[in-house]
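One-letter residues, chain by chain:
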Amino acid sequence: MELWGRMLWALLSGPGRRGSTRGWAFSSWQPQPPLAGLSSAIELVSHWTGVFEKRGIPEARESSEYIVAHVLGAKTFQSLRPALWTQPLTSQQLQCIRELSSRRLQRMPVQYILGEWDFQGLSLRMVPPVFIPRPETEELVEWVLEEVAQRSHAVGSPGSPLILEVGCGSGAISLSLLSQLPQSRVIAVDKREAAISLTHENAQRLRLQDRIWIIHLDMTSGCQLGTLGTNLQVWLIRSRGRPKVWHERSWTHLPWGPMDLIVSNPPYVFHQDMEQLAPEIRSYEDPAALDGGEEGMDIITHILALAPRLLKDSGSIFLEVDPRHPELVSSWLQSRPDLYLNLVAVRRDFCGRPRFLHIRRSGP
Amino acid sequence: MSTVGLFHFPTPLTRICPAPWGLRLWEKLTLLSPGIAVTPVQMAGKKDYPALLSLDENELEEQFVKGHGPGGQATNKTSNCVVLKHIPSGIVVKCHQTRSVDQNRKLARKILQEKVDVFYNGENSPVHKEKREAAKKK
């Protein structure tokens with residue numbers, strides 16, 4: 001009843017008013033059946049924005065817009081047909097919005113609430129605690145696409161380029177590369193089974209499963225820096241629904257050749273920064289997908305150390321990193337001339353922060 | 001409520017969108033003389049897309065929602081609205097059509113390109129020609 005009262009008040013007072021007083025500002029208005037038939041999308045957004053703001057939920061308006069739009073079958077409020085903005089919602093829809101909003105009140109990220117999110121034009125399923133792709137990472141993919149287009153000799157032949165993604169999460173990077181490079185093949189690796197399943201599911205939803213090999217593998221375990229992993233048990237999922245367990249001793253025995261590219265958005269948060277992360281991140285996303293150790297470099301250096309054995313000559317590594325990393329990576333590479341890796345370019349994200357690295361292998 | 005911050009993004013268009021956009025640089029002279037009808041430049045390779053004046057990234061100002069925090073993995077923001085301004089004409093486009101910042105940026109450029117073309121070419125713009133043809137068919 002309280003909810004209905006507030007929404008009725010909002011209806012009569014106009015949208016955008018936060019209901020601090022609950023005056024019943026009607027005289028001849030007859031009480032209607034609660035909820036259904038009274039509230040439109042705009043009013044719902046207004047109502048829940050107010051609720052979220054009162055409870056200190058960040059992005060109050062955006063969150064309520066996404067939730068309401070989602071229940072009405074649209075991805076964003078702006079893309080909703082204008083006719084739907086003022087049409088009354090069914091009680092089922094109202095209930096659904098209420099349920100989803102209650103999760104937002106628990107600081108669940110919107111992407112997990114909706115169970116899906118978009119990346120580079122692809123719609124991907126999202127499931128906690130698998131890492132949610134960040135908007136910056138779309139630029140990483142753009143950069144890789146530009147570089148591949150420039151090296152036109154590598155494009156067009158089947159199986160080319162051959163790409164390794166380390167830490168695939170939901171599959172965002174791998175699948176967007178596959179969908180925009182029709183000849184490419186991807187090997188996607190993650191140490192979390194949940195990520196493997198989700199990447200698998202997203203690959204099938206997007207009908208890209210024939211060009212991706214998804215491997216459940218912890219790249220950092222059993223590996224000493226600079227040497228190949230031994231006794232690695234690799235569980236290979238080749239999607240056509242027939243899982244195959246693959247025991248492997250070393251990377252060089254894998255049936256696919258050396259890679260053209262290694263791409264990764266590895267965990268790069270500095271360990272001391274982990275506790276300052278917003279509750280949305282701290283409470284719902286896998287910390288192993290974020291924590292990069294003391295200087296956020298642990299997984300980055302692992303990838304770089306393994307790269308020379310995995311990459312073709314003059315193959316490339318593309319990484320997303322913390323803005324403090326370009327310098328740290330540069331120094332680290334200089335301390336490891338045995339790897340024959342050079343930092344060739346640093347690129348900024350849409351907020352102007354140095355965010356992406358292009359490292360190239362040259363030499364024996 | 002987050003505030004909108006101004007961020008000038010001076011990178012060439014090729015850095016943001018794959019080819020063929022931005023491969024032609026727009027002559028500054030044509031921008032300064034909006035009264036002159038400019039022959040539309042053919043956009044190579046873009047399927048079904050009419051020939052429109054291409055945009056020079058250096059004349060665009062892009063705004064994202066400020067308060068993005070440290071960004072990257074340390075942040076989870078869903079406000080993907082892009083506000084794009086064409087400085088010479090003053091035309092502003094706001095796009096929050098999709099849940100992807102990347103897609104919104106591309107869409108914003110496409111919409112802005114159409115508006116800018118109409119601004120300079122008026123009735124001669126392929127945008128208006130297409131509308132007239134579509135209206136005739138009905």
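Residues numbered from 1 in each chain as written. Chains lettered and ligands numbered in written order. Predicted model: local features only at pLDDT ≥ 70, side-chain atom pairs only at ≥ 80, totals over all residues. Heavy atoms only, no water.

Enquirer: How should the pattern of salt bridges be read in this particular structure?
Expert: Should the charged atoms of two oppositely charged side chains come close, the side chains can pair. Scanning the entire structure with this criterion turns up 24 salt bridges over all chains. For the salt bridge of Arg 192 of chain A with Asp 286 of chain A, the shortest nitrogen-to-oxygen distance reads 2.7 Å. Placement of the pair is Arg 192 of chain A in the loop between β4 (185–190) and α9 (193–205) and Asp 286 of chain A in the loop between α10 (279–284) and α11 (298–310), with a sequence separation of 94 residues. Here Arg 192 of chain A falls in the partly exposed class, since its relative accessible area comes to 37%. A salt bridge links Glu 62 of chain B to Arg 105 of chain B, with the nearest nitrogen and oxygen atoms 2.8 Å apart. Note that Glu 62 of chain B is positioned in strand β2 (residues 60–65) and Arg 105 of chain B in helix α2 (residues 101–121), a separation of 43 residues in sequence. Of the two residues, Glu 62 of chain B and Arg 105 of chain B, neither departs from the other in class, the shared state being buried. Put simply, Glu 139, Glu 146 and Arg 347 of chain A together with Glu 57, Glu 62, Arg 105 and Arg 109 of chain B are held in one network by salt bridges that share partners. (Salt bridge = Lys/Arg side-chain N within 4 Å of Asp/Glu carboxyl O. Helix = DSSP H or I, 4+ residues; strand = E, 2+ residues; numbered from the N terminus. Buried < 20%, exposed > 50% of the residue type's maximum accessible area, 1.4 Å probe, protein only.)

Enquirer: Please clarify how the packing of aromatic side chains should be interpreted in this entry.
Expert: Any pair of aromatic rings gets described here by the distance separating the centres and the angle formed by the planes. Residues and elements named next belong to chain A. Tallying each qualifying case throughout the model produces 6 aromatic pairs over all chains. Ring geometry for Tyr 66 against Trp 117: centres 5.0 Å apart, planes inclined by 70°, an arrangement best described as edge-to-face. Remark: Trp 117 occurs in strand β1 (residues 116–119) and Tyr 66 occurs in helix α3 (residues 60–71); sequence separation between them is 51 residues. Each member of the pair, Tyr 66 as well as Trp 117, carries the same accessibility label: buried. When the centroid spacing of 5.4 Å and the interplanar angle of 75° are considered together, the rings of Trp 143 and Phe 318 count as edge-to-face. In this pair, Trp 143 is assigned in helix α7 (residues 136–150) and Phe 318 in strand β9 (residues 311–320), connecting sequence segments 175 residues apart. Taken as a pair, Trp 143 and Phe 318 share a single burial class, namely buried. The aromatic ring of Phe 270 is capped on one face by Arg 324, whose charged end is 3.7 Å from the ring centroid. (Phe/Tyr/Trp six-rings, centres within 6.5 Å; stacked < 30°, edge-to-face > 60°. Lys NZ or Arg CZ within 6 Å of the ring centre and 35° of its normal.)

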